[in-house]
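Descriptive analysis of the structure
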Amino acid sequence: MDHGLTEYQARVYLTLLDLGTATASQVTPHARVPRTRIYATMSQLHEKGLVEIIPETPLRYKAVPFGQFVSKSVEELRERAAGLEKNLEAIAKEFQVVGQTAPEERGRFEAIYGRRNARERLIKMYEATERTWIGIGTTRSPRRVMNGFGDYITAKAESGVRFRYAFPVTPENLKDVARLAKYAEIRSVDFYVPMYMHVSDAREFLMSHPIPDDDSFYRGDDICIWTDDEALAEAVSNIMERVWEGGKPVDVGPEGR
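So, here's what we can say about the structure. (Residues numbered from 1 in each chain as written. Predicted model: local features only at pLDDT ≥ 70, side-chain atom pairs only at ≥ 80, totals over all residues. Heavy atoms only, no water.)

Digging into helix α1 (residues 7–19)
Look at α1: 18 Å from first C-alpha to last across 13 residues, which is about the 18 Å you get at 1.5 Å a residue. Of all the positions in α1, only Q9, A10, V12, Y13, T15 and L16 are classed as buried. Elements that come into contact with the buried residues of α1 comprise β1 (21–23), α2 (24–31), α3 (35–48), β2 (51–54), β3 (60–63) and α4 (66–86). Of the residues flanking the end of α1, it is G20, one or two places downstream, whose phi is positive at about 85°. (Helix = DSSP H or I, 4+ residues; strand = E, 2+ residues; numbered from the N terminus. Expected span 1.5 Å × (residues − 1). Buried < 20%, exposed > 50% of the residue type's maximum accessible area, 1.4 Å probe, protein only. Contact = heavy atoms within 4.5 Å.)

What follows is the structure, encoded as structure tokens:
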């Protein structure tokens, strides 16, 4: 077995050494190999060059001297070693290490279910924001933003964080937009996307599908995707900035002043 044989193959081979030549049925009781495995085992030994098949009826099998098998193995190993040595430079180049010595840290991804859970994640994002926040939402988003995160936005705006939002601004949500406009730059977009996207410091990104799209900021079966993969967050942030820049400035009147 140290030379690469399985236990069944070793039992059969050693039995054939004792018997000289034998049929499969003669080998089975001596080798203590199940009858259902004997023919497959004989075939495997033949492929290894350890058994000769004598074409009689029934077939008879004869063990090949083990020295021949070892000599053949030695020759094959020498040829393999010579081939590897000859192609060492090419093999090394083919399988060279291309990664960094210290693996680059990748961002995490999470699927978040439920508006309450999404709100908890957003609170963490608002709390961690140091420079910029950009959000794109639906007509219902301004009220949910102020009712759910107004305190965080107020405090962060006072500390210098720049908030930008883009929503479809309508007469129905203008009052809520005016409340938010005291702390953020609002742009109106003329398209509707049934989801809300948030990026914090071009470092964290959350996209949520509000189910239903109503005024509640904690009841809902929202489906969200969050990541802190900076490459993805930055790419999405750049796209959202283009959307925001393409929006129309909002005149909120005296309520927003």
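Looking at a nonpolar patch on the surface
A cluster of nonpolar residues, L84, I91 and F95, forms a patch on the protein surface that exposes about 290 Å² of accessible area. By the element assignment, F95 lies in the loop between α5 (88–94) and β4 (109–113). Look at F95 and you get exposed, because its relative accessible area is 65%. (Patch = residues over 30% accessible without salt bridge, like charges linked within 9 Å, V, L, I, M, F, W, Y side chains within 5 Å. Areas by Shrake-Rupley, 256 points an atom, 1.4 Å probe, with all protein chains shown as cover. Salt bridge = Lys/Arg side-chain N within 4 Å of Asp/Glu carboxyl O.)

Thoughts on the pairing of strand β6 (residues 162–167)
In terms of burial, β6 is largely enclosed, as five of its six residues are buried. Both β6 and strand β7 (residues 185–188) contribute to a ladder of four bridges, which runs parallel. Pairing of R164 across the sheet is with E185, part of β7. Regarding topology, helix α8 (residues 174–181) serves as the crossover connection from β6 to the parallel β7, and that connection is right-handed. (Pairing = 2+ DSSP bridges. Right-handed = clockwise from strand over helix to strand, strands pointing away.)

Looking at the sheet that holds β6
One open sheet holds the eight strands; their spatial order is β4-β10-β9-β8-β5-β6-β7-β11, and the pairing between them is mixed. Of all strands in the sheet, those bounded by a partner on one side alone are β4 and β11 (248–249).

As for the sheet that holds β1
Within the open sheet, the three strands sit side by side as β1-β3-β2. Their pairing is antiparallel. Each of the sheet's edge strands pairs with one partner strand only, and the pair in question is β1 and β2. The sheet shows a mean angle of 30° between the axes of neighbouring strands, taken without regard to direction. By the bridge criterion, three bridges tie β1 to β3 in an arrangement that is antiparallel. Its bridge partner being in β3, T21 is matched across the sheet by K62. (Axes fitted to C-alpha atoms, helices over the stretch in contact; angles between N-to-C directions.)

Observations regarding the packing of aromatic side chains
In total, this model carries eight aromatic pairs according to the counting rule given. A ring pair is formed by Y13 and F66, whose centres lie 5.7 Å apart and whose planes are at 50°; its orientation type is tilted. Of this pair, Y13 sits in helix α1 while F66 sits in helix α4, and the two are 53 residues apart along the sequence. Members of the aromatic cluster, each reached through a chain of ring pairs, are Y126, W133, F149, F163, Y165, F167 and Y196. The ring of W244 has R164 lying over it, and the distance from NZ or CZ to the ring centre is 5.5 Å. Above the plane of the ring of W244 lies R187, whose end atom (NZ or CZ) is 4.0 Å from the centre. (Phe/Tyr/Trp six-rings, centres within 6.5 Å; stacked < 30°, edge-to-face > 60°. Lys NZ or Arg CZ within 6 Å of the ring centre and 35° of its normal.)

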